[in-house]
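Working through the structure, step by step
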Amino acid sequence: VSPVFVDAAGATHELGKVDEGTSALNYLPEEQDGHIASISAHIYGFDWKDNHLTLVDTPGDPNYWGDGEVALQALDGAVLVLDAVEGAKSGTQRVLGDIEELELAVICFINGLDRERADIDGALASLEALDVKPVLLAMPIGSHDSLSGVVDLVHMKSVSAQGQEGEIPEELKDEAESRRE
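Some thoughts on the nonpolar core
Ranked by internal contacts, the top residues of the largest apolar core, which has 27 residues, are Ile110, Met139, Val151, Leu153 and Ala176. Secondary structure elements with two or more residues in this core: helix 3 (65-72), strand 3 (77-83), helix 4 (92-101), helix 5 (120-128) and strand 5 (138-141). The dominant element in this core, judged by the number of residues it contributes, is helix 5, at four residues. Ignoring any residue separated from it by four or fewer positions in sequence, one finds alanine 176 in contact with Met139, Val151, Leu153, Met156 and Ile168.

This is the structure we're talking about:
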């Protein structure tokens, strides 16, 4: 979840990290030691822009996916979080199958683009290998340590990590046009 969205929803003003055991979404002792992420589904409701939203954080680890299967049945849509370094993992195809079976809308969020060896094209290719046809809505500006924001390919604007909109950097305009196509 982007810092701008979290602040706008009033949920928290500090982003935690799963690896450090400080994630607000992982509050069980087993989840806070930093070795595993969610082991059960967690439900969070909040109001944002005159709408009530309910987020269900399901386990990403295939060993705990039973809670995820049950949670999906109560949802209108899903956000599949994909690692920018590892891409689709062994359980991704199963999760996508469950989402398709329930005819849920799905958005994939590629996480960790600021990490060493992050590769957005590799992550997209890993989805394509599962017969998914991803449509890129935003491309990163920079990579790894120099990641500074994204290019919104729908509105053709740059968005900084702080949420400020601007013009697309000149050196990325051709790539942005190509990816938008």
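What about the pairing of strand 2 (residues 51-57)?
As paired strands, strand 1 (residues 42-48) and strand 2 are joined by seven bridges and run antiparallel to one another. By the bridge assignment for strand 2, glycine 45 is matched with threonine 54. From the end of strand 1 to the start of strand 2, which pair antiparallel, there are two residues, and lysine 49 there has a positive phi angle of about 50°.

Side note on the pattern of salt bridges
Tallying each qualifying case throughout the model produces seven salt bridges. The partner of lysine 89 in a salt bridge is glutamate 86, with the nearest N and O atoms 3.5 Å apart. The class of lysine 89 is partly exposed, set by a relative accessible area of 47%. Arginine 179 serves as the salt-bridge partner of aspartate 121, at 2.9 Å between the closest nitrogen and oxygen. Within this pair, whereas aspartate 121 is found in helix 5, its partner arginine 179 is found in helix 6 (residues 173-180), the two being separated by 58 residues in sequence.

The rules behind each value
Residues numbered from 1 in each chain as written. Predicted model: local features only at pLDDT ≥ 70, side-chain atom pairs only at ≥ 80, totals over all residues. Heavy atoms only, no water. Core = buried A, V, L, I, M, F, W, Y, C linked by side-chain atoms within 4.5 Å. Buried < 20%, exposed > 50% of the residue type's maximum accessible area, 1.4 Å probe, protein only. Helix = DSSP H or I, 4+ residues; strand = E, 2+ residues; numbered from the N terminus. Contact = heavy atoms within 4.5 Å. Pairing = 2+ DSSP bridges. Salt bridge = Lys/Arg side-chain N within 4 Å of Asp/Glu carboxyl O.

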